[in-house]
Amino acid sequence: MSAAAAVARGLEGAAPVGLAELDDAAALQTRVDRKYVLAPAEVRELLATLSALGPRVLEIDGERAFTYASTYYDTADLLTFRLAARRRRRRFKVRTRTYVDTGNTTFLEVKTRAARGVTVKERRPWDVAAPLAGDGLDFVDDRLAAARLDAPPSAQLAPVLRSAYRRTTVLLPDARMTLDTGLRWRLAGPDGAARGSGTAGVGDLVVVETKAGTAPSSADRALWRAGHRPDRISKYATGLATLRPDLPDHPWRRLRRERLGAA
């Protein structure tokens, strides 16, 4: 059974939840994120365990899986990548995220890492076709300054990597959980043109992400009981390290060799 089919089958009996209700219940912009890379059978086991908690699935116009597309921005010397590669606690990420299935609705997002591993995400609406300029630069600079990060002016940022995947979002009593399938990466900007149009991905695996407060969620505890521990995977840094073997990949090397090697 494919990863996408395992997600759909595992949640086919779950009740739906609308976007407005999901946002009201679990619009977590400040949270602790934990990620796990699972095989289809492992996902089905997880969803079977969680079924007793009454999970609800985001549903829009009868659909439960949606295409997301992101563009990640970095400096010429790849500062944000290198902060992640060196596991700096004080780091940041700038991207645009497009919800392809809902009219290409796009947001410009700034993610920063605060104390105790807490992720803070701030965003504003954006034009999917617009370059990072003007008000966007002001927004990024303002958010990075507010986070007290020693970051370069956002005018130095340029597109480096693009990703796309299909996401299913689950609302649990104590957290939000996303299940991403079909994750693919490709280089963007001048670097992509210089190095060719190669792509990479995670193959038939599911990237599961729990988004909760500082305490582990019911999904985390279920995964831990099954022998899983959070994986070090970044949709930006892991993808860039996979496509750029000249870059350091130590934080993600084990995952890439053991789980992504056949992807």
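For the structure, check the block above.
About the criteria used
Residues numbered from 1 in each chain as written. Predicted model: local features only at pLDDT ≥ 70, side-chain atom pairs only at ≥ 80, totals over all residues. Heavy atoms only, no water. Phe/Tyr/Trp six-rings, centres within 6.5 Å; stacked < 30°, edge-to-face > 60°. Helix = DSSP H or I, 4+ residues; strand = E, 2+ residues; numbered from the N terminus. Buried < 20%, exposed > 50% of the residue type's maximum accessible area, 1.4 Å probe, protein only. Contact = heavy atoms within 4.5 Å. Pairing = 2+ DSSP bridges. Arc of directions from axis to C-beta.

1. Describing the packing of aromatic side chains
According to the stated counting rule, one finds five aromatic pairs in the structure shown. Seen from their ring centres, tyrosine 68 and tyrosine 165 are 5.6 Å apart, and the 25° between their planes marks the pair as stacked. Here the residue tyrosine 68 occupies a position in strand β4 (residues 66-74), and tyrosine 165 occupies one in strand β8 (residues 158-172), the gap between them amounting to 97 residues. Owing to a relative accessible area of 8%, tyrosine 68 belongs among the buried residues under this scheme. By relative accessible area, which is 2% here, tyrosine 165 ends up buried. Summarising the aromatic geometry, the rings of phenylalanine 81 and tryptophan 252 are spaced 5.7 Å apart at their centres and angled 40° between planes, so their arrangement reads as tilted. Within this pair, whereas phenylalanine 81 is found in helix α4 (residues 79-85), its partner tryptophan 252 is found in the loop between α8 (237-243) and α9 (253-258), the two being separated by 171 residues in sequence. On the basis of relative accessibility, which here comes to 0%, the residue phenylalanine 81 falls in the buried class. Note on tryptophan 252: relative accessible area 2%, which makes it buried.

2. Things to note about the environment of arginine 34
Among the secondary structure elements, arginine 34 is positioned in strand β2 (residues 30-38). In this structure, the C-alpha to C-alpha distance between arginine 34 and alanine 6, residues 28 residues apart in sequence, is 21 Å. In this view, arginine 34 contacts Val208, Glu209, Thr210, Gly213, Thr214, Ala215, Pro216, Asp220, Trp224 and Pro230; residues no more than four positions away in its chain are not counted.

3. Re the side chain of serine 70
With respect to the helices, strands and loops of the structure, serine 70 is situated in strand β4. The exposure class assigned to serine 70 is buried, which follows from its relative accessible area of 2%. Beyond its immediate stretch of four places on either side in the chain, serine 70 contacts Arg95, Thr96, Arg97, Leu161, Arg162 and Ser163.

4. Observations concerning the pairing of strand β6 (residues 105-113)
Of all the nine residues making up β6, seven are buried; the element is thus mostly covered by neighbouring parts of the structure. In terms of strand pairing, strand β5 (residues 92-99) meets β6 through eight bridges, oriented antiparallel. Its bridge partner lying in β6, phenylalanine 92 is registered against threonine 112. The loop that links β5 with its antiparallel partner β6 comprises five residues; one of these, glycine 103, has a positive phi angle of about 75°.

5. A closer look at the environment of proline 230
Checked against the element boundaries, proline 230 lands in the loop between α7 (218-225) and α8. A residue is classified by how much of its surface remains accessible, and proline 230, at 40% relative accessible area, is partly exposed. The spatial distance from the C-alpha of proline 230 to the C-alpha of proline 245 is 24 Å, given a sequence separation of 15 residues. Apart from the residues lying within four places of it in its own chain, the contact partners of proline 230 are Arg34, Lys35, Tyr36 and Trp224.

6. With respect to helix α1 (residues 3-10)
Looking only at α1, the buried set comprises Ala3, Ala6 and Val7. Projected down its long axis, α1 shows its buried positions confined to an angular sector of 100°, all on one face. Residues of α1 that are buried sit in contact with α3 (40-50), β8, β9 (175-187) and β11 (206-212).

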